[in-house]
Every structure is written in C-alpha cells, then in structure tokens.
Amino acid sequence: MSSPPTLPEEPASGLFRAEYARRMNAVLDHIDRHLDTPLDLAQLADVAHFSRFHFHRVFAAWMGETLGDYARRRRLETAALRLACRPGETILDIALATGFGSGEAFARAFKLKFGCTPTAWRADVAAKNAAMLAAMRLRRQDSNPDQAMRNTDQESLPNFQHHDDSHSHHRESLMKVTILDLPPATVACQRHIGPYGPAISTFWRDTVAPWMQSHGLDDAICYGIGHDDPGITPPDKCRYDACVAVPDGFQSGGRASITTLPGGRYAVAQFKGPSSAIAETWTRMTREWLPASGLQWDERPCFERFSAATAIDPATGEFSCDICIPVRPL
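Residues numbered from 1 in each chain as written. Predicted model: local features only at pLDDT ≥ 70, side-chain atom pairs only at ≥ 80, totals over all residues. Heavy atoms only, no water.

Peer 1: Which parts of the structure should I look at to understand the packing of helix α4 (residues 67-85) against helix α6 (residues 103-114)?
Peer 2: Axis angle and axis distance: for two packed helices, these are the angle between their axes and the distance between the axes, and together they describe the pair. Contact pair α4 / α6: the axes reach a minimum separation of 10 Å and the direction vectors enclose 95°. Considering the angle they form, α4 stands roughly perpendicular to α6. Of α6, the residues touching α4 (which contributes Arg-73, Leu-76, Glu-77, Ala-79, Ala-80 and Leu-83) are Phe-106, Ala-109, Phe-110, Lys-113 and Phe-114. Broken down by class, the residue content of the contact of α4 with α6 amounts to 8 nonpolar, no polar and 3 charged. (Axes fitted to C-alpha atoms, helices over the stretch in contact; angles between N-to-C directions. Helix = DSSP H or I, 4+ residues; strand = E, 2+ residues; numbered from the N terminus. Parallel < 35°, antiparallel > 145°, perpendicular 65-115°, else oblique. Contact = heavy atoms within 4.5 Å. Nonpolar A, V, L, I, M, F, W, Y, C, P; charged D, E, K, R; others polar.)

In structure tokens:
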C-alpha cells in the first residue's frame, strides 16, 4: 500500500506562525465559552501558554484590538444574535448570559454600539423577518419560482474551488429538513479571520486542501463553521473554521488544532447548487422553517458538512453539503 503524498517541508517561520495562531484561537474560543463570567488576564495567558506579563500586548498586536475591546464586542455581538434568534428569552436573561451585571448597563452598551436599544433591535428583526416571509410567500404565488433570493453579505461556502456568480439562478424547492442525532466528531481545524466570500473558498483550496493531501485525508468528511454574522460583526473580524474529520490519536503536525464537534440533535437540510445560492438556504432555514418547527437554536455551532471527495460535481460545478443547525425545544 503506497504512502500518502507529501508536500515540501514547511519553513520554520510558517510553523511558528501557525503555532501562534493555534494558541490565540484557543483564547478566542475560551472567551466565547465564558462570556457570562469575568475574564481574567492571567488565566487567558495560561490558556495561550504565553507570559502573563506580556500577554495583553501580544493579544492587541495579534487581534488589532485590546482584550477588553474584543471581549466587549463579542458580548454585544452575541447578545444581538440571541435577541434575533431567541424571541422567548428575556432581555435581562440575555444581558446576564453575556456578562452584563444589569439590564441598564447592557442597554447603555448596546445602544452605544448599535445605535438603538435591545428592545428596538429585537422589534426591527421581527419586522424584517415578517417582511421576508411575506415576500417569500408572494414570490411563490405570483412570480417565477426559479428566481433565487440573494443575501449579498454571505455569498460563499467552503468548497475547494472558487465559483463566480455566473450561476444566477438556483431552482427553489420545498424546504426539506430532517431532525437527526449526530455523533460527536473529532476534527482538525484551521481558522480564517476576515471577510466571508471568495476568501473562504480560496482558504479551503490553497491552505486546507494541500494540508489534507499531505496527511492522507483526501476523502475525509469536512465541516465549515462560520462563527460570526457579518451583518453584526465587522467583516474583517469574522471567524471561520475549516475542519476535517480525523481518526483518534491523529497528530496534526502543528498547523491545525484538534477539537471535538459536539454531537446531539440537529436540523439538517441537504443543499446542492452554485455557491452563490447557499446563503439563501441558510436564510430560509432560519427565517422560514425554524419559527414554524417548535425548535430553536442552542449553544452548539452550526456547520456545513460535506465529503471532500464528492462535494463538487465535476460536470456542473455544483456544490453538495448538509446544512446543520443545532436545535432544542422552544
């Protein structure tokens, strides 16, 4: 049996930078998991295995914002998403869950960042969702059913080739969603920070795919995880993880971080089409299917799951994946 192909050895500087990225990403993930508690600088330095004395300076240089500014931004962005996705959760509960000591402190910080109160934000989201649903119903009744709606802020997906927007139509069908209990998955993750869009496809093609090939993972199951909503988070701060399923005991060689995607109940919709149309499916699941399902998002990450070997149709260039949203009862 032949051994997997190998790539030329990576320069030491690249490995050192990858190690820095891996450590800093561990800190960012730790912050997201502990937004409801005070964030101790010394503890975060220990998570990164960096000097406690210099960590604040290292973080600011790497992220382009201070630790305090980053934590405040993540708390408010997370709160904004919860206001939009959890209509049954009180504003006070959201404030406390994202690290604010009171509803008043939360309201002041929220208005300073987003220009409106949490109550107004939630009402605006509800109004936009209602308008979107009405437009979808009207379109299905009175217009060409082959004309796809587009969300220009999120028009990419994690494939290994970049497809341009020449595919302007994607055949609309009834939303078919299956509720599945998925097992946990051990994955090797590499992170991209920056705008979604063509850069994500480039990241998979130029960075992740060669790494997969060098480690004999050409046929592995892949997961694409967009952690941030570009309508809330500045595009240059959006985090995306390209993850590849790996066997137990796998050694990543330093570039990738090994973690476990949690198992549990997910709403799963199959997608096949041009990359420019996948955002529409995400939007329809969130705004059309989910409110009528009796379910809601929970704290686990959502992701796109696909096979590296079969994701791209060589004849049409279409991309196939499962769109997976973690759910729990309302």
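Peer 1: What am I meant to see in helix α8 (residues 198-214) here?
Peer 2: A rise of 1.5 Å per residue sets the reference length of α8, with its 17 residues, at 24 Å; its end C-alpha atoms lie 24 Å apart and thus fit the reference within 8%. Where α8 bends most, at Val-208, the angle is about 35°, and the proline Pro-210 comes one to four residues later. Here α8 has its buried residues at Ile-200, Ser-201, Phe-203, Trp-204, Val-208, Trp-211 and Met-212. In this structure, the buried side of α8 is in contact with β2 (185-193), β3 (221-226), β4 (239-245) and β8 (303-307). Looking one or two residues beyond α8, the residue adopting positive phi is Gly-216, at roughly 70°. (Expected span 1.5 Å × (residues − 1). Bend = angle between axes of the 7 residues up to and from the residue. Buried < 20%, exposed > 50% of the residue type's maximum accessible area, 1.4 Å probe, protein only.)

Peer 1: Hey, could you run me through the state of the cysteines in this one?
Peer 2: Using the criterion set out here, one finds 1 disulfide in the structure. Through a disulfide, Cys-189 is tied to Cys-243; the S-S separation comes to 2.5 Å. The sign of the S-S torsion, about 105°, decides the handedness of the disulfide formed by Cys-189 and Cys-243: right-handed. One end of the pair, Cys-189, is in strand β2; the other, Cys-243, is in strand β4, with 54 residues separating them in the sequence. Judged by its relative accessible area of 0%, Cys-243 falls in the buried class. With no disulfide of its own, Cys-85 has Cys-302 as its nearest cysteine by sulfur position, at a separation of 9.2 Å. Here Cys-85 falls in the partly exposed class, since its relative accessible area comes to 28%. (Disulfide = S-S within 2.5 Å.)

Peer 1: Just to check I follow, could you spell out the nonpolar core for this structure?
Peer 2: One recurring pattern in soluble globular proteins is that nonpolar side chains are buried together. With 40 residues, the main nonpolar core has Trp-204, Met-212 and Leu-217 as its most contacted residues. Listing elements by their share of this core, those giving two or more residues are α8, β4, β6 (264-273), α9 (278-289), β7 (295-297) and β9 (319-329). When residues in this core are grouped by element, the largest group, 6 residues, is from α8. (Core = buried A, V, L, I, M, F, W, Y, C linked by side-chain atoms within 4.5 Å.)

Peer 1: How should I be thinking about the pairing of β3 in this particular structure?
Peer 2: Sheet faces and side chains relate simply in a regular strand, where the side chains alternate between the two faces. With 4 bridges connecting them, β3 and β8 associate as antiparallel partners. Along β8, the bridge assignment pairs Tyr-223 with Arg-305. Pairing of β3 with β4, which is carried by 5 bridges, proceeds in the antiparallel orientation. Following the sheet pairing, Tyr-223 is matched in β4 by Cys-243. (Pairing = 2+ DSSP bridges.)

Peer 1: Would you explain the pairing of β4 in this entry?
Peer 2: Most of β4 sits inside the fold, with 6 of its 7 residues counted as buried. Judged from the 7 bridges that link them, β2 and β4 form a sheet pairing that is antiparallel. Looking across to β4, one finds that His-192 is bridged to Tyr-240.

Peer 1: It is not clear to me how the packing of aromatic side chains should be interpreted in this structure. Could you clarify?
Peer 2: A ring pair, where both rings are aromatic, is described by two values, the distance of the centres and the angle of the planes. With the rule as written, the count across this model stands at 15 aromatic pairs. Plain terms: the ring middles of Phe-59 and Tyr-70 are 5.7 Å apart, the flat faces sit at 70° to each other, and that makes the pair edge-to-face. In this pair, Phe-59 sits in helix α3 (residues 55-63) while Tyr-70 sits in helix α4, placing the two residues 11 residues apart along the sequence. Since its relative accessible area comes to 1%, Tyr-70 is described here as buried. Considering the side-chain rings of Phe-306 and Phe-319, the 5.2 Å spacing of their centres and the 65° angle between planes classify their relative orientation as edge-to-face. Taken as a pair, Phe-306 in strand β8 and Phe-319 in strand β9 lie far apart in primary sequence, 13 residues in all. Residue Phe-306 is classed as buried on the basis of its relative accessible area, which comes to 3%. You can call Phe-319 buried: its relative accessible area is 1%. (Phe/Tyr/Trp six-rings, centres within 6.5 Å; stacked < 30°, edge-to-face > 60°.)

Peer 1: Whenever I open this one, the pattern of salt bridges confuses me. Can you help?
Peer 2: In this structure the tally under the stated criterion is 23 salt bridges. With a closest N to O distance of 3.2 Å, Asp-228 and Arg-74 form a salt bridge. Of the two residues, Asp-228 sits in the loop between β3 and β4 while Arg-74 sits in helix α4, which places them 154 residues apart along the sequence. Pair check on accessibility: Asp-228 and Arg-74 agree, each one buried. With its nearest N and O atoms 2.9 Å apart, the salt bridge here joins Arg-239 to Asp-228. (Salt bridge = Lys/Arg side-chain N within 4 Å of Asp/Glu carboxyl O.)

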